[in-house]
Amino acid sequence: EPVNCAEAKCVALTFDDGPGADTPQLLDILKAEKVPATFLLVGKSVATYPDTVAREVAEGHSIGAHTWSHPELTKLSDAGIVNEVNSTVEAISKAAPDAKVTFTRPPYGAFNPRVISVLESLQHAAVLWDVDTLDWKNRDPNAVLQKVKEQVKPGSIILMHDIHPTTIQAVPEVIKYLHSEGFTLVTVPEMFGGSLTPGKAYFDQNLIQ
């Protein structure tokens, strides 16, 4: 039964830069809590941990590209952007043939109209965020939870990184808090009725450019 985020208070947990060595532990937590997440994958890590990617897809999570090598897309040529995205999508398809990749998260949130038009030519949307946990900087589960509490609202897209063990430690408490506040956890495409529009940039449920 799909969630109607026009009525429910939806929020999306998103994890960048993986998969990492500890991502299976995160998948165990999400499975136990019956929470779907969105994973923005770096191509070279997909090639290192293909079984983890296959598991993400099999367990109902949503998968997006986060480029092969994490460059600022605004500094690349059009062909360079295409290569960064396509090589990642190919690695994902090899690891998980059922994965449908329809969106990219530009590294560092760096994009401009040219980047968006190249993504549109690849039939991709851009997925950004409105809640930045700064987990890569703090490396502290309590700080991650605090950032969520300060910034989250209905329709938020929460940015985290599953390459940090401290982030994975934070996730059970983050989920518990969100549930206690009446939020329903969904994937990014679910938040927007099941699919994203190529060439659009999604920051949260209400901010689409």
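For clarity, every value in this text was computed on a predicted model and none was experimentally measured.

*Asks:* Give a description of the pattern of salt bridges that names residues and reports values.
*Replies:* One pass over the full model with this rule turns up 9 salt bridges. Note that R105 is salt-bridged to D16, the shortest N-O span being 2.7 Å. In this pair, R105 sits in the loop between β4 (103-104) and α5 (113-121) while D16 sits in strand β1 (residues 10-18), placing the two residues 89 residues apart along the sequence. Exposure class is identical for R105 and D16. Each is buried. The salt bridge partner of K176 is E173, with a shortest N-O separation of 3.9 Å.

*Asks:* Describe in detail the nonpolar core, supporting the description with residues and values.
*Replies:* Side chains that are nonpolar tend, in soluble globular proteins, to be buried together. Within the largest apolar cluster, 50 residues are counted, with the highest numbers of intra-cluster contacts made by L13, L30, F39, I158 and L178. At 7 residues, helix α8 (residues 165-180) tops the list of elements feeding residues into this core. Every residue in contact with I158, bar those within four places of it in the chain, is listed here: V11, A12, L13, T14, V131, T133, V148, V152 and L178. The next biggest cluster of nonpolar side chains, apart from the first, holds 14 residues, and it includes A125, V127, I157 and V186.

*Asks:* Tell me about the environment of I81, residues and numbers included.
*Replies:* With respect to the helices, strands and loops of the structure, I81 is situated in helix α4 (residues 78-95). Taking the C-alpha atoms as reference points, I81 and V115, 34 residues apart in sequence, are found 7.5 Å from one another. Look past the residues within four positions of I81 in its chain and what remains in contact with it is L73, L76, R114, V115 and V118.

*Asks:* How would you explain unusual backbone geometry if you had to name every residue and give the values?
*Replies:* The omega torsion across G18 and P19 is -5°, close enough to zero to call that bond cis. Relative to the helices and strands, P19 resides in the loop between β1 and α1 (23-33). The phi dihedral of T67 falls on the positive side, at around 75°, and the residue is not glycine. Its relative accessible area of 0% is what places T67 among the buried residues. Despite not being glycine, H70 has its phi angle at roughly 65°, a positive value. Secondary-structure assignment places H70 in the loop between β3 (62-65) and α4.

*Asks:* Describe in detail α8, supporting the description with residues and values.
*Replies:* With 16 residues, α8 should cover 22 Å at 1.5 Å per step; its first-to-last C-alpha distance of 24 Å lies within 8% of that length. Bending of α8 peaks at approximately 35° at the position of V171, with proline P172 no more than four residues after it. Every buried residue belonging to α8 is among T166, T167, I168, A170, V171, V174, I175, Y177 and L178, and all of these are buried. Those residues of α8 that are buried lie in contact with β1, α1, α6 (135-138), α7 (141-151), β7 (156-161) and β8 (184-186).

Basis of the calculations
- Residues numbered from 1 in each chain as written.
- Predicted model: local features only at pLDDT ≥ 70, side-chain atom pairs only at ≥ 80, totals over all residues.
- Heavy atoms only, no water.
- Salt bridge = Lys/Arg side-chain N within 4 Å of Asp/Glu carboxyl O.
- Helix = DSSP H or I, 4+ residues; strand = E, 2+ residues; numbered from the N terminus.
- Buried < 20%, exposed > 50% of the residue type's maximum accessible area, 1.4 Å probe, protein only.
- Core = buried A, V, L, I, M, F, W, Y, C linked by side-chain atoms within 4.5 Å.
- Contact = heavy atoms within 4.5 Å.
- Expected span 1.5 Å × (residues − 1).
- Bend = angle between axes of the 7 residues up to and from the residue.

Purely geometric stuff here, so don't read any function into it on its own.
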